[in-house]
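# Chains, contacts and geometry: an overview
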Amino acid sequence: MQSILNFVGHFWWLVFPLSGLVGGWARAWTRAGERRYQRKLELYKVKNQAQRVEQVRADEVGQLMTTHDGVNKRWLAYELDVGKLIDFPMMTDVREPLTVAFLRAKREADGLRPGSPEEITAKGRLDEYRAAVNGYEVAFEVAEREARRVRDSSFTGPERQRLATARKLITIAVDDAATPAERQTAYRRARRELDGLIVLPDATVASLEEKVARMLGTGKAQ
């Protein structure tokens, strides 16, 4: 103990630099703690931001799917209505570049459509689906606008007459005021009139046959 007191007595001046050194260590330790706290805080903010981005992304995917459904619904209005296809035959004419472009865009959008909004989490995947839906919507609007403009102008006079006849026959075929024989005859004649003029999609034919069969009260129109 006496040795320690003698040391302190002779080297008391070391107290000042040592106290400065200890104080520096304390301040450094405090700053390090503050930096650790800031890093944790920043990580917490980043994590919360990422979660919010994912939520927004899911909502955006849902909006895109709604837009996709809307365009599909507009197309189904043609595909399931023979009368509408007769009025605007270009919508199923695969010789028309605009029709082919819209059908191709539809296939691409349908292929990229997720089962649910939560299935798309990567930004690249979201961008890809958005581009496909937007392309599909634009291609359909362009094709529809052109189809309404040209209507049946690409057909000859006799062909337009056949289309008009088929339109009237289709109306009779699905008219519950007509007799079963009249509806059956009208359906068969309408198919003959359209043969070689308009290629009806399978879904269109199935929808028409279902309507006629329901009117006849039988399994399927012959």
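As a starting point, this report considers the structure included with it. (Residues numbered from 1 in each chain as written. Predicted model: local features only at pLDDT ≥ 70, side-chain atom pairs only at ≥ 80, totals over all residues. Heavy atoms only, no water.)

### Examining the overall build of the protein
When its secondary structure is counted, the protein shows 8 helices and 0 strands. Counting from the amino terminus, helix and strand elements in the protein follow one another as α-α-α-α-α-α-α-α. By the burial criterion, 31% of the 222 residues in the protein qualify as buried. Within the protein, residue pairs in contact and separated by at least 24 positions form 69% of the contacts whose partners lie at least 6 positions apart. (Helix = DSSP H or I, 4+ residues; strand = E, 2+ residues; numbered from the N terminus. Buried < 20%, exposed > 50% of the residue type's maximum accessible area, 1.4 Å probe, protein only. Contact = heavy atoms within 4.5 Å.)

### Describing the layout of surface pockets
There is about 230 Å³ of room inside the largest pocket. Surrounding the largest pocket, 16 residues form its lining, Leu-194, Leu-197, Ile-198, Val-199 and Leu-200 being those nearest its centre. Within the residue set of the lining of the largest pocket, elements represented by two or more residues are helix 7 (180-194) and helix 8 (202-216). Partitioned by chemical class, the residues of the lining of the largest pocket number 9 nonpolar, 2 polar and 5 charged. (1 Å grid on protein atoms, 1.4 Å probe; cavity = no way out; pocket = protein on both sides within 12 Å on 5 of 7 lines; lining within 4 Å. Points joined across faces, edges and corners; volume = space filled by probe spheres on them. Nonpolar A, V, L, I, M, F, W, Y, C, P; charged D, E, K, R; others polar.)

### Observations concerning a nonpolar patch on the surface
Taken together, the side chains of Leu-98, Val-138 and Val-142 present a nonpolar region at the surface, about 210 Å² in accessible area. Position of Leu-98 among the secondary structure elements: in helix 4 (residues 97-112). Looking at Leu-98, the relative accessible area reads 34%, which means it is partly exposed. (Patch = residues over 30% accessible without salt bridge, like charges linked within 9 Å, V, L, I, M, F, W, Y side chains within 5 Å. Areas by Shrake-Rupley, 256 points an atom, 1.4 Å probe, with all protein chains shown as cover. Salt bridge = Lys/Arg side-chain N within 4 Å of Asp/Glu carboxyl O.)

### Looking at a positive patch on the surface
On the surface, a cluster of positive charge is contributed by Arg-27, Arg-31, Arg-35, Arg-36 and Arg-39. Looking at where Arg-31 falls in the secondary structure, it is placed in helix 2 (residues 15-79). (Lys, Arg positive; Asp, Glu negative; His and termini not counted. Charge placed at Lys NZ, Arg CZ, Asp CG, Glu CD.)

### Quick notes on the nonpolar core
One finds Ile-86, Met-91, Phe-102 and Leu-194 to be the most contacted residues of the largest nonpolar core, which totals 43 residues. Elements that contribute at least two residues to this core include exactly helix 2, helix 3 (82-87), helix 4, helix 5 (123-150), helix 6 (157-173), helix 7 and helix 8. Ranked by residue count, the leading element in this core is helix 5, at 10 residues. When near neighbours in sequence (up to four residues on either side) are disregarded, Leu-194 contacts Val-82, Ile-86, Arg-162, Leu-163, Ala-166 and Leu-200. (Core = buried A, V, L, I, M, F, W, Y, C linked by side-chain atoms within 4.5 Å.)

### Remarks on helix 7
At 3.6 residues per turn, the α-helix brings residues three or four places apart onto the same side. Given a rise of 1.5 Å per residue, 15 residues ought to cover 21 Å, and the 21 Å separating the end C-alpha atoms of helix 7 matches this to within 8%. Among all positions of helix 7, only Arg-183, Gln-184, Ala-186, Tyr-187, Ala-190, Glu-193 and Leu-194 are buried. (Expected span 1.5 Å × (residues − 1).)

### Notes on the packing of aromatic side chains
Inspection of the entire model under this criterion finds 4 aromatic pairs. When the centroid spacing of 5.2 Å and the interplanar angle of 70° are considered together, the rings of Trp-75 and Phe-102 count as edge-to-face. In this pair, Trp-75 is assigned in helix 2 and Phe-102 in helix 4, connecting sequence segments 27 residues apart. Note on accessibility: Trp-75 and Phe-102 belong to one class, buried. Considering the side-chain rings of Phe-102 and Phe-140, the 5.3 Å spacing of their centres and the 75° angle between planes classify their relative orientation as edge-to-face. Here Phe-102, found in helix 4, pairs with Phe-140, found in helix 5; they are 38 residues apart in sequence, far enough to count as distant. For Phe-102, a relative accessible area of 0% translates into the label buried. A residue is classified by how much of its surface remains accessible, and Phe-140, at 0% relative accessible area, is buried. (Phe/Tyr/Trp six-rings, centres within 6.5 Å; stacked < 30°, edge-to-face > 60°.)

### Quick notes on the packing of helix 6 against helix 7
Two numbers describe how helix 6 lies on helix 7: the axes approach to 8 Å, and their chain directions differ by 155°. On the basis of their axis angle, the class for helix 6 and helix 7 is roughly antiparallel. For the pair helix 6 and helix 7, the crossing hand works out as left-handed. Seen from helix 6, the contacting residues are Arg-162, Leu-163, Thr-165, Ala-166, Leu-169, Ile-170, Ile-172 and Ala-173; seen from helix 7, they are Glu-182, Arg-183, Ala-186, Tyr-187, Arg-189, Ala-190, Arg-192, Glu-193 and Leu-194. Tallied by class, residues from the contact of helix 6 with helix 7 come to 10 nonpolar, 1 polar and 6 charged. (Axes fitted to C-alpha atoms, helices over the stretch in contact; angles between N-to-C directions. Parallel < 35°, antiparallel > 145°, perpendicular 65-115°, else oblique. Left-handed = near helix turned anticlockwise from the far one by under 90°.)

### Let's talk about the pattern of salt bridges
Enumeration according to the criterion identifies 12 salt bridges in this entry. Residues Glu-144 and Arg-74 are paired through a salt bridge, measuring 2.9 Å at the closest nitrogen-oxygen approach. Of this pair, Glu-144 sits in helix 5 while Arg-74 sits in helix 2; the two residues are 70 residues apart in sequence, bridging distant segments of the chain. Judged by its relative accessible area of 30%, Arg-74 falls in the partly exposed class. A salt bridge links Glu-193 to Arg-162, with the shortest nitrogen-to-oxygen separation between them at 3.6 Å. Remark: Arg-162 occurs in helix 6 and Glu-193 occurs in helix 7; sequence separation between them is 31 residues. Taken together, the shared-partner salt bridges in this structure form one network comprising Glu-60, Lys-123, Asp-127 and Arg-130.

Geometry only, nothing functional implied.
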